[in-house]
Amino acid sequence: MKYRNKRVFLILFTFCLSWNTFANTPKNKGYNLWLQYETVNNVALKKHYQNRIQGLMPLGDSQTIQYAYKELELALSAMLDKAFISVDNTKNLNNLVVFGSKSNLTKEFLKALPNEFHKINDEGFIIKAVSVKGKNHILITGKTDVGVLYGVFRFLRVIQMHRSIENLSMIDSPAIQVRTLNHWDNLDRTVERGYAGSSIWDWHRLPDYIDSRYIDYARANASVGINGTVLTNVNANALILTDQYLEKVEALSNVFRPFGIKVYLTARFSAPIEIGGLETADPYNEDVKNWWANKAKAIYERIPDFGGFLVKANSEGQPGPQNYNRNHVDGANMLANALKPFGGIVMWRAFVYSEHDVTDRAKQAYSEFVPYDGQFKDNVLVQVKNGAIDFQPREPFHPMFGAMPKTPLMMEFQITQEYLGFSTHTVFLPKLYEEVLQSDTYAQGKGSTVAKVIDGSLSDVKLTGMAGVSNIGSDINWTGNVFLQANWYGFGRLAWNPNTSSKTIADEWLRLTFSNNNNFVDALTTMLIESREAVVNYMTPLGLHHIMGTGHHYGPGPWVSNLSRPEWNPVYYHKADEHGIGFNRTHSGSNAVEQYEPKVANMFNDVNSCPGEFLLWFHHVPWDYKLKNGETLWNGIALKYQEGVNQVKNMISIWDKMKPYVDEERFNNVKMLLSIQFKEAKWWRDACLLYFQQFSKMPLPKTVDKTEQNLDYFMSLEFPFAPKD
Ligand code: GCV
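Residues numbered from 1 in each chain as written. Predicted model: local features only at pLDDT ≥ 70, side-chain atom pairs only at ≥ 80, totals over all residues. Heavy atoms only, no water.

### Let's talk about the overall build of the protein chain
As a reminder of what qualifies: Strands here mean DSSP runs of E at least two residues long; helices mean DSSP runs of H or I at least four residues long; both are numbered from the N terminus. We compute the radius of gyration over the C-alpha atoms and compare it with the globule rule, which gives 2.2 Å times the number of residues raised to the power 0.38. Contacts are assigned to residue pairs that have any heavy atoms within 4.5 Å of one another.
Scanning the protein chain from terminus to terminus reveals 22 helices and 16 strands. The C-alpha radius of gyration of the protein chain comes to 26 Å, within 12% of the 27 Å expected for a compact globule of 725 residues. For the protein chain, the spread of C-alpha atoms along the three principal axes comes to 85 × 65 × 50 Å. Sequence-distant contacts in the protein chain: of pairs separated by 6 or more residues, those separated by 24 or more amount to 73%.

In structure tokens form, the structure reads like this:
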């Protein structure tokens, strides 16, 4: 084995130490995520696997292949209760798992794959039962070693899910190129909107101390195809671009590289002033351009495969090109020019709205960005949140999707649950992601889904991407609530294939994480899928949005009306008065509907065709308005709040029955959190209904539980230390 330098050796050494701890510590099952590698108990099935897998034959000696080998060895020996021989040629052996990239395959193995390679891209893989020299083997290959690693994880998943490995034939490639986690992690290890402990990046002890978590983080990401990580918060600190920190970033990138994971950083637009000693950060200024070009060069000298920059500019107080009367194109293209010689990209966020703009906040990003279509450099991705406001429990898809055919748009989902009950509430987010990705923009006629905008198939853009704001922290189980590991997992699966169904993801994740018992999997798949609607029901039913507490965003706060920026106040969004409730975004109101294709705009504009779940997003409706189910609007809202509470109660009773299938630690983690969720669901219901009832002046339907508290009580609650950043 050749080690390029001492640090790589150190990393590998640390890796070897950590490898054994990852899957074998029963106390820390939560830590092992979906890579549990439980022993197969079904005797016949185990025999089938043992017969078909006699040994391992790695082809190539890259670190990636070594990691692939380690993973196979760890997983197979644990699942099949058996040690495996390792060979460097097939000799006369039968039933080997042979894995390596195309360039390392012998002629015989290549011959066994006559038509496969042209069906995959550079990150794709082929898993195939082949017969070579009269012997049967399982071949895992791809055009690159990282493709092979993805194939290895996929192969292991087949066994984890107790499926047959007879006649395997699987070919797959990611549909999206840039599949990144966005960490909103600060250099002091706080995490903005993080609810699972402190940041996993130990900046103080880096670069010399390589926490074994970094390797396990990389393994988990690679296992679902995540290939990028933005290490730092979009509310950026320029210090990350200094040598002192770049040395630490380099150490992390060395850990992640063999797993196919590129490192990205957030670039603070004013960095040339703050750490560069310049007087301006004007993107037209030559010194500024040179400063960024030199900075890019310095980064690439350390990190040859550095991914690029993510930028939040002129948004919520962050500096940007508009400080110098330049626009987003000027800013993004200047950075794109600096990165271009090295193959880097810019992810420029479209999350912009201004307190000086009196138009509906939901319209502002579209108005600002769509006129720039076609003007960004080809290494710029414009990163757009899934909805036009801000990661609400439910939002209609962002009207920018489909409206900028000449610009690659990158999806930004939030995995951390800023507006969905923090890490306390069990909410299965792939259902939300699926709903957005399968929404029809009608940009090129029927069937122009958001997924097709994102994967580039609709407009032939060259660069594609999906980002997820991470929910990962240093809690022992990574996400605070073991069920929320499913959201990290599901994000990865959808970034790989945005058309994967949320049901498939739930089923897979449950099997890999807990048990293959069908009673368990069926009951919990249903529970996970429903959990998404439950949170909408008890927080913001029928299209309500942005009615949470100030600052920390914890709990209900529909009464808040005193914040300096109008569009930060919940009353701006629900507009409840004695006439009714809801934001009129139709032609007679803010006309936000106009930003959608006519077919979609008309559907949202007409109160009769507007889907019930978006009613109050687009319409201000009288309290006695008759809903499609025959109830008055007031009753409908109240019943939805109650339904949400009932759904959480039901989740608790489902989970209680699952005790036989789950270890004590994870069982209790979920159980305790569900009971907090139940309490908080009732809190949302009671506080919101008491507040809105002041305007509706109508009684609650009989089936809605009454609270013993009054509105003043709920309005008096304060949470100065609720997690925020
Ligand atoms: C990182 C919301 C959040 C902020 C976040 C911002 C963004 O406003 O509350 O914490 O900042 O979105 O996405 O930039």
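There is more to say after this.
### So, the packing of aromatic side chains
Put simply, the rule reads: Side-chain rings of Phe, Tyr and Trp, where Trp is taken by its six-membered ring, are said to pair if the distance between their centres is within 6.5 Å; with planes under 30 degrees apart they count as stacked, over 60 as edge-to-face, and otherwise as tilted. The classification of residues rests on relative accessible area computed with a 1.4 Å probe and restricted to protein chains. Under 20% of the type maximum is buried, over 50% is exposed, and intermediate values are partly exposed.
Within the structure shown, the criterion is met by 49 aromatic pairs. Look at Tyr 67 and Phe 259: their rings are 4.4 Å apart centre to centre, the planes differ by 35°, and that puts the pair in the tilted class. Taken together, the residues Tyr 67 in helix H3 (residues 63–80) and Phe 259 in the loop between helix H7 (243–256) and strand S9 (262–266) connect sequence positions 192 residues apart. Pair check on accessibility: Tyr 67 and Phe 259 agree, each one buried. Three or more aromatic residues link up through ring pairs in this structure, and these residues are Tyr 31, Trp 34, Trp 201, Tyr 214, Tyr 217, Phe 256, Trp 478, Trp 488 and Tyr 489.

### Some remarks on the confidence of the model for the protein chain
Threshold: pLDDT is a per-residue confidence score from the predictor, ranging from 0 to 100.
Overall, the prediction assigns the protein chain a mean pLDDT of 95, with 96% of residues at 70 or greater. Note that pLDDT drops below 50 for residues 1–21; the model gives that stretch 37 contacts with residues more than four away or on any other chain.

### Thoughts on the pairing of strand S7 (residues 178–182)
Each regular strand shows side chains that alternate between the opposite faces of the sheet. Here is the rule: Pairing between two strands is assigned when DSSP locates at least 2 bridges connecting them.
Most of S7 is tucked away, with five of its five residues classed as buried. On S7, burial covers both faces: Val 178, Thr 180 and Asn 182 on one face and Arg 179 and Leu 181 on the other are all buried. Across five bridges, S7 lies against strand S14 (residues 465–469) in parallel orientation. Within the sheet, the bridge partner assigned to Val 178 lies in S14 and is Gly 465. The pairing of S7 with strand S8 (residues 228–230) spans three bridges and is classified as parallel. The residue bridging Thr 180 from the neighbouring strand is Gly 228, located in S8.

### Some remarks on the domain arrangement of the protein chain
Basically, it comes down to this: Reported domain spans reflect what an automatic or database domain assignment gives. The term buried area denotes the loss of accessible surface (1.4 Å probe radius) that occurs when two parts are joined, taken as the sum for both partners. Salt bridges are defined as contacts in which a side-chain nitrogen from Lys or Arg sits within 4 Å of a carboxyl oxygen from Asp or Glu. Two N or O atoms count as a polar contact when they lie within 3.5 Å, although within protein this holds only if one can serve as hydrogen donor and the other as acceptor, and sequence-adjacent residues are included solely when both atoms are side-chain atoms. Under the scheme applied, nonpolar residues are Ala, Val, Leu, Ile, Met, Phe, Trp, Tyr, Cys and Pro; charged residues are Asp, Glu, Lys and Arg; polar residues are all the others, including Gly.
Taken domain by domain, the protein chain holds domain 1 (34–172), domain 2 (178–500) and domain 3 (537–583 + 620–716). For domain 1 and domain 2, the distance between their C-alpha centroids amounts to 34 Å. Considering only the surface of domain 1 that becomes buried against domain 2, Trp 34, Tyr 150 and Arg 157 emerge as the three largest contributors, covering 44% of it. Across the contact surface, domain 1 and domain 2 share two salt bridges. Arg 219 is paired through a salt bridge with Glu 71; the nearest N and O atoms lie 2.7 Å apart. Linking domain 1 with domain 2 are eight residue pairs in polar contact (both at pLDDT 80 or more). When residues of the side of domain 1 that touches domain 2 are traced back to their parent elements, those giving at least two are H3 and helix H5 (145–160). Counting residues per element, the side of domain 1 that touches domain 2 draws most heavily on H5, which supplies six residues. Residues of the side of domain 1 that touches domain 2, tallied by class, amount to 10 nonpolar, two polar and five charged.

### Side note on the nonpolar core
Heads up, the rule is: Among the buried residues, those of types Ala, Val, Leu, Ile, Met, Phe, Trp, Tyr and Cys that are joined through side-chain atoms within 4.5 Å form a nonpolar core.
Counting 228 residues, the largest nonpolar core has Phe 99, Phe 155, Phe 256, Trp 292, Trp 655 and Phe 692 as the members making the most contacts within it. Considering every element that reaches this core, the biggest residue donor is helix H21 (residues 664–696), with 12 residues. Residues contacting Phe 155, with those up to four places away along its chain left out, are Ile 53, Leu 72, Val 97, Ile 127, Ile 138, Ile 140, Ile 165 and Leu 168.

### Observations regarding the site of the ligand
Quick note on the threshold: Here a residue is considered near a molecule or strand provided that any single heavy atom belonging to it is located within 4 Å of it.
The environment of the ligand is made up of 15 residues, and the closest members are Glu 192, Lys 312, Glu 316, Lys 385 and Glu 418. One nitrogen or oxygen atom from the side chain of Glu 192 is found 2.5 Å from an oxygen atom belonging to the ligand. A distance of 2.6 Å separates an oxygen atom of the ligand from a polar atom in the side chain of Lys 385. Of the residues that constitute the shell around the ligand, the class distribution is four nonpolar, three polar and eight charged.

### Examining the sheet that holds strand S1 (residues 55–58)
The following threshold applies: Comment: axis = line fitted to C-alpha atoms, over the contacting stretch for helices; angle = value between 0 and 180 degrees taken between N-to-C directions.
Taken together, the six strands give an open sheet; going across it, the order is S2-S1-S3-S5-S4-S6, and neighbouring strands pair in mixed fashion. This sheet does not close on itself; its edge strands, each paired only once, are strand S2 (85–86) and strand S6 (169–172). In this sheet, S2 lies alongside S1 in parallel orientation, the contact comprising two bridges. Bridging from a neighbouring strand, Gly 55 pairs with Ile 85 of S2. Across the sheet, H3 is in contact with S1, S2 and strand S3 (96–99); its angle to S1 comes to roughly 170°. Running over the sheet, H5 touches S3, strand S4 (125–132), strand S5 (135–141) and S6 and is turned about 75° from S4.

### Side note on the pattern of salt bridges
Pairing between side chains of opposite charge can happen when their charged atoms approach one another. Under the definition given, this model contains 37 salt bridges. Notably, a salt bridge pairs Arg 585 with Asp 360, separated by 2.7 Å at the nearest N-O pair. Of the two residues, Arg 585 is situated in the loop between strand S15 (580–581) and helix H18 (598–605) and Asp 360 in the loop between strand S11 (345–349) and helix H11 (361–369); the sequence distance between them amounts to 225 residues. Residue classification places Arg 585 among the buried positions, given a relative accessible area of 0%. Taken together, the shared-partner salt bridges connect Arg 394, Glu 435, Arg 532 and Glu 533 into one network.

### Let's talk about the packing of helix H9 (residues 286–302) against helix H10 (residues 328–339)
The condition that has to hold: Our angle categories are set so that under 35 degrees counts as roughly parallel, over 145 as roughly antiparallel, 65 to 115 as roughly perpendicular, and the remainder as oblique. In this scheme the handedness of a crossing depends on how the near helix is turned from the far one: anticlockwise by less than a right angle means left-handed, clockwise means right-handed.
Close contact between H9 and H10 brings their axes to 8 Å; oriented N to C, the two are set at 40°. The angle between H9 and H10 falls in the class oblique. Like other packed secondary-structure pairs, H9 and H10 cross with a definite hand, here right-handed. Contacts between H9 and H10 involve Val 288, Lys 289, Trp 292, Ala 293, Ala 296 and Tyr 300 from the former and Met 334, Leu 335, Ala 338 and Leu 339 from the latter. Considering only residue class, the contact of H9 with H10 consists of nine nonpolar, no polar and one charged.

### Focus on the UniProt feature "active site" (unreviewed entry) in the protein chain
Our working definition: UniProt positions are given in the numbering used here, feature names are shortened, and annotations may be inferred rather than shown by experiment.
Per the UniProt record, "active site" (unreviewed entry) is annotated on Glu 316, Asp 390 and Glu 418. On the secondary structure map, Asp 390 appears in the loop between strand S12 (380–385) and strand S13 (409–414). Looking at Asp 390, the relative accessible area reads 6%, which means it is buried. Apart from the residues lying within four places of it in its own chain, the contact partners of Asp 390 are Phe 351, Arg 361, Lys 385, Glu 395 and Tyr 419.

### Describing the sheet that holds S13
Taken in spatial order, the eight strands close into a barrel running S7-S8-S9-S10-S11-S12-S13-S14, and their pairing is parallel. On average, each strand axis in the sheet is tilted by 25° relative to the strand beside it, whichever way the strands run. Packing of H7 onto the sheet brings it into contact with S8 and S9, and relative to S9 it is tilted by some 150°.

### Concerning helix H15 (residues 502–513)
Applicable threshold: One fewer than the residue count of a helix, multiplied by 1.5 Å, yields its expected span.
Taking 1.5 Å of rise per residue, 12 residues should cover 16 Å, and H15 covers 16 Å from first to last C-alpha, within 8% of that figure. In terms of residue burial, H15 counts as a mostly covered element, since 10 of its 12 residues are buried. Those residues of H15 that sit buried are Ser 502, Ile 505, Ala 506, Asp 507, Glu 508, Trp 509, Leu 510, Arg 511, Leu 512 and Thr 513. Each element contacted by the buried residues of H15 is listed here: H5, helix H12 (430–437), helix H14 (485–496), helix H16 (518–539) and H21.

### Things to note about the side chain of Thr 479
Within the fold, Thr 479 resides in the loop between S14 and H14. A polar contact is formed between the side chain of Thr 479 and the backbone nitrogen of Gln 485, at a distance of 3.5 Å. With sequence-adjacent residues up to four places away left out, Thr 479 is seen in contact with Ala 196, Ser 423, Asn 471, Leu 484, Gln 485 and Trp 488.

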